[in-house]
Amino acid sequence: MSTIYLDHQATTPADPAVVEAMQFAAVHCYANPSSPHAAGIRAFREVERARGAVARLIGAGRSEICFTSGATEGNNLAIKGVVPPALGPGTARHVVTTAVEHKSVLDTCRSLREAGHEVTVLPVDGAGRVDPEQVAAALRPDTALVSVMLANNEVSTIQPVAEIGALTRTAGVPLHCDATQGVGSLPVDVRALGVDLLTFSGHKIYGPKGVGVLYVSHRLSDRAPLVPLLHGGGQERGLRAGTLNTAAVIGLGAAVGVLAAGREEEAVRLAGLRALFLSELAGLVPYELNSGTGPGFLPHAVNLSFPGVDAQQLLLEVADLAVSTGSACNSSAQEPSHVLAAIGLPPERIRGSVRISFGRFTTEADAVRAAHALAAVAVRRQAHTA
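These figures come from a predicted structure and were not determined experimentally. The numbers attached to residues start from 1 for each chain and follow its sequence in the written order. Given that this is a predicted model, residues contribute local features only at a pLDDT of at least 70 and side-chain atom pairs are listed and counted only at 80 or more, while totals for whole chains, interfaces and linings are drawn from all residues. To get the side-chain values, all heavy atoms of the structure are used, and hydrogens and water are removed first.

With respect to the state of the cysteines
Then step 1. Any two cysteine sulfur atoms within 2.5 Å of one another count as a disulfide. Scanning the entire structure with this criterion turns up zero disulfides.
Then step 2. Of all cysteine sulfurs in the structure, the one in C177 sits closest to C109, which takes part in no disulfide; the separation is 14 Å.

Things to note about the sheet that holds strand β12 (residues 353-357)
Then step 1. A pair of strands is labelled paired if DSSP reports no fewer than 2 bridges between them. Strands are runs of DSSP state E lasting at least two residues, helices are runs of H or I lasting at least four, and both sets are numbered from the N terminus onward. In spatial order, the strands read β9-β10-β12; together these three strands make up an open sheet with antiparallel pairing. Since the sheet does not close on itself, it has two edges, and those belong to β9 (288-289) and β12, each with one partner.
Then step 2. Across five bridges, the pairing between strand β10 (residues 301-305) and β12 is antiparallel. The partner of V302 across the bridge, within β12, is I356.
Then step 3. Pairs of residues are marked as contacts when any of their non-hydrogen atoms sit within 4.5 Å. Every axis corresponds to a line fitted to the C-alpha atoms, with the helix fit spanning only the stretch in contact, and the corresponding angles, defined between N-to-C directions, vary from 0 to 180 degrees. Running at roughly 20 degrees to β10, helix α9 (residues 246-282) makes contact with β9, β10 and β12 of the sheet.

Regarding the sheet that holds strand β4 (residues 118-122)
Then step 1. Here seven strands make up an open sheet; going across it, the order is β2-β8-β7-β6-β5-β3-β4 and the pairing mixed. Strands with a single pairing partner mark the edges of an open sheet, and in this sheet they are β2 (65-68) and β4. Geometrically, the sheet is characterised by an average inter-axis angle of 20 degrees between neighbouring strands, direction not taken into account.
Then step 2. When strand β5 (residues 143-147) meets strand β6 (residues 175-178), the two strands line up parallel, connected through two bridges. Looking at β6, one finds that V146 is bridged to L175.
Then step 3. Together, β3 (94-98), β4, β5 and β6 form the strand contacts of helix α4 (residues 103-114), whose direction differs from that of β3 by roughly 155 degrees.

So, the pattern of salt bridges
Side chains that carry opposite charge are capable of pairing whenever their charged atoms lie near each other.
Then step 1. Note on definitions: salt bridges are taken to be side-chain nitrogens of Lys or Arg within 4 Å of carboxyl oxygens of Asp or Glu. Enumeration over the complete set of coordinates arrives at 15 salt bridges.
Then step 2. R381 serves as the salt-bridge partner of E317, at 3.0 Å between the closest nitrogen and oxygen. One end of the pair, E317, is in helix α10 (residues 311-317); the other, R381, is in helix α13 (residues 364-385), with 64 residues separating them in the sequence.
Then step 3. Three exposure classes are used, based on accessible area relative to the maximum for each residue type with a 1.4 Å probe and protein chains only: buried under 20%, partly exposed in between, and exposed over 50%. Since its relative accessible area comes to 18%, R381 is described here as buried.
Then step 4. Here the salt bridges do not stand alone but share partners, grouping E48, R51 and E236 into one network.

Points about the packing of α9 against α13
Then step 1. With their axes 9 Å apart at the nearest point, α9 and α13 run at an angle of 35 degrees to one another. In the packing of α9 onto α13, the handedness of the crossing is right-handed. Across the interface between the two elements, L273, L276, F277, E280 and L281 from α9 touch E364, A367, V368, A370, A371, H372, L374 and A375 from α13.
Then step 2. Of the residues assigned to the contact of α9 with α13, the class counts are 10 nonpolar, one polar and two charged. By definition, turning the near helix anticlockwise from the far helix through less than a right angle yields a left-handed crossing, and turning it clockwise yields a right-handed one. Put simply, Ala, Val, Leu, Ile, Met, Phe, Trp, Tyr, Cys and Pro go in the nonpolar bin, Asp, Glu, Lys and Arg in the charged bin, and everything else, Gly too, in the polar bin.

What to know about the side chain of S147
Then step 1. Within the secondary structure layout, S147 lies in strand β5.
Then step 2. Residue S147 is classed as buried on the basis of its relative accessible area, which comes to 0%.
Then step 3. The term polar contact refers here to a pair of N or O atoms within 3.5 Å; inside protein, the definition further demands a hydrogen-donor-capable atom paired with an acceptor-capable atom, and it admits residues adjacent in sequence only when both atoms are side-chain atoms. Within the structure, S147 has its side chain in polar contact with the side chain of H176 (distance 2.8 Å).
Then step 4. For S147, the contacting residues outside a window of four places in its chain are I79, V96, T97, T98, E101, V105 and H176.

These results come straight from atomic positions and should not be treated as a statement about function.
Below, the structure written as structure tokens:
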């Protein structure tokens, strides 16, 4: 029996259109897009076609799009590009972020703190949402950047980024938004959100791994250009040196095209799959929701716990089902979820948490089968520990 893949918040399978585009690129666009000959120009044109598709998706200008290796690099470049780690006398700056950000944001902010900058990490409420007024209250004359994600990768909370953007714009402070989890499910318009920097990865939207996007507003780059992390050939308008991963960029462009054509309908379908899964599960075993399922949350994912069940043990015993206990970036460290701790869940509930996320190729039969597979093991584990 085939494995049911329900870990789309960790990564997504490549869409067939993406595979086809990358095969085309491997055969016909192998030249360096920076080369001046005909083959290089052909590769360059395909890269720029992808850049235009990305720009249209998020309401940006083509020249505001920088290709990276993924959101982790993009987040590092966005944050350290505004607040370089190297300090001289009197150059310490202040950064504001939240307790539920991805580790690529939190760890980058930690590195700035170790370099002598100051970082304010704001708490969130029980739903995982930050209060815009708390963001406003945290701003200081020396605040150089605010970083708030669009949607959370563990509890699916959608943050009030547009409200925060209005506040930071008034204060004259740049706003960075990690949109990696949100861009595949939510309409994203960088002007409406009021962000100066926005990042996401190709592999979260059925594109290839190893490619991502950093949006840098003209408003920010005209005022204070980012300090690049990589130096070399001056690619990507001097922001990111190195020969572009042409095939991955073209694959990303194809992924964006598929996404733009059917995102709203897909979100409705996935919300229906989640409702079906939870309804089926409720008739089989008791569980506790750790994430919301209303309008303020992503439509395709849910985080829940089975009372008295350790999630690691649960997943070891569930055959033919791919789900996770939290962020894939934390799984190797075996650390309790910082997100679930931030929303106030007790340790035993965090240990029992499971993250399920549905995707483009998930069927109703998959959702039902997954509910029965999880419930069977959860009931057995509960009986074992009773």
